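Analysis of the macromolecular model
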Amino acid sequence: MKIPFLNHLQTSEPLPYLEGHTPEHIAIIMDGNGRWARNRGMPRVAGHKEGVSVVFKIVKAAAKSGVKVLTLYTFSTENWKRPKSEINYILRLPKEFLHVYLPDLISNNVRIKVIGDMNELPASTHETLQYAMDRTRDNDGLQLNIALNYGSRNEILNAMKAMVKDLNNTKLSMDELDALDERQLSKYLYTADIQDPDLLIRTGGEKRLSNFLLWQLAYTEFWFTDVLWPDFSENEFLDALEEYRQRKRRYGGL
Ligand code: FPP
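Attention here is on the structure that accompanies the text. The structure displayed is predicted, hence computed values, not measured ones. (Residues numbered from 1 in each chain as written. Predicted model: local features only at pLDDT ≥ 70, side-chain atom pairs only at ≥ 80, totals over all residues. Heavy atoms only, no water.)

**Remarks on the layout of surface pockets**
The gaps of empty space that remain are located by a probe, the size of a water molecule, rolled over the atoms. Put simply, the largest pocket is a space of about 710 Å³. If you go around the largest pocket, you meet 31 residues; those closest to its centre are Met 30, Asn 33, Tyr 73, Thr 74 and Asn 79. Secondary structure elements with two or more residues in the lining of the largest pocket: α1 (33-39), α2 (44-65), β2 (69-76), α3 (84-107) and β4 (143-150). Of the residues belonging to the lining of the largest pocket, the class tally is 14 nonpolar, nine polar and eight charged. In this model, the second largest pocket occupies a volume close to 370 Å³. For the second largest pocket, the lining is made up of 19 residues, of which Glu 182, Ser 186, Asp 196, Trp 215 and Gln 216 are closest to its centre. (1 Å grid on protein atoms, 1.4 Å probe; cavity = no way out; pocket = protein on both sides within 12 Å on 5 of 7 lines; lining within 4 Å. Points joined across faces, edges and corners; volume = space filled by probe spheres on them. Helix = DSSP H or I, 4+ residues; strand = E, 2+ residues; numbered from the N terminus. Nonpolar A, V, L, I, M, F, W, Y, C, P; charged D, E, K, R; others polar.)

**Brief notes about the sheet that holds strand β1 (residues 25-29)**
The strands making up a sheet associate through hydrogen bonds between their backbones, and the pairing can be parallel or antiparallel. Here we have six strands laid out as an open sheet, ordered β3-β4-β2-β1-β5-β6, and parallel in their pairing. Of all strands in the sheet, those bounded by a partner on one side alone are β3 (111-115) and β6 (221-224). Neighbour-to-neighbour, the strand axes of the sheet open up by a mean angle of 20°, direction not taken into account. Two elements, β1 and strand β5 (residues 199-202), share four bridges in a ladder whose sense is parallel. (Pairing = 2+ DSSP bridges. Axes fitted to C-alpha atoms, helices over the stretch in contact; angles between N-to-C directions.)

**As for the packing of aromatic side chains**
Taken as a whole and judged by the stated rule, the model has ten aromatic pairs. Between Tyr 150 and Tyr 190, the aromatic rings sit 6.1 Å apart at their centres with planes inclined by 55°, giving tilted as the arrangement. Here the residue Tyr 150 occupies a position in strand β4, and Tyr 190 occupies one in the loop between α7 (182-186) and β5, the gap between them amounting to 40 residues. With a relative accessible area of 0%, Tyr 150 lands in the buried category. According to the relative accessible area criterion, Tyr 190 is partly exposed, its value standing at 30%. Between Tyr 219 and Tyr 251, the ring centres sit 5.7 Å apart and the planes meet at 50°, which makes this aromatic pair tilted. A residue pair is termed long-range when its members are at least 10 positions apart, and Tyr 219 in the loop between β5 and β6 and Tyr 251 in the segment after α8 (234-246) qualify at 32 residues. A connected cluster of aromatic rings, assembled from ring pairs, spans Tyr 73, Tyr 150, Tyr 190 and Phe 212. (Phe/Tyr/Trp six-rings, centres within 6.5 Å; stacked < 30°, edge-to-face > 60°. Buried < 20%, exposed > 50% of the residue type's maximum accessible area, 1.4 Å probe, protein only.)

Structure below.
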């Protein structure tokens, strides 16, 4: 179902009729770039290139809709299994994205953060991302999390290792150990200062999580579409928001 008064989206004001219903944090698995390109007889990387402009459109749509945090799955720890040429191409895209769109993102008050292990990224991508994070650190509009070289199991394992090290150093008693709760482990994740996603969108027709935010998605609402990421538009994004508004979230209660 489409949201009425779509024209309001042309304004830069948050939409009043979504207030209280808009998911605050949306996570997206942007799938289908390769198929989109193949369907057009183009190399797979053409789909990734097309996907970049969709990223900007959806960031704008999210900001206009009053979403506070948007997390985009851009490159997983498993994506290293792809051909080297495709890996190199994908890992250059954040730099190209920021080269074109950073001024717009800054003027729209967007704050950029990377989740994932940045150490293995190409140096120039690493530097550009670090610059963008530093430059937008004080912005208090939409937070855009770019998940790059991110894998959720690895994130949880590293969180546990770091926590055990800290616990060893502080020599907790058995009682204190028993009292540890989920919030304490959450503090060791990349998402320590980010609320859990309210809505997960996956494009491209597959219905799986692909090692994305396994801990953080425990009570998230899921929305799947067959639309391939390069064809994903503001309208579909708004459809997802609209459906989210109809859902009853019970968190295991009644
Ligand atoms: C999955 O589609 C997509 C990726 C692994 C890369 C996604 C990256 C972008 C859209 C660029 C994002 C850039 C920024 C700056 C956030 P696939 O290749 O697995 O598609 P397929 O399932 O059709 O093969």
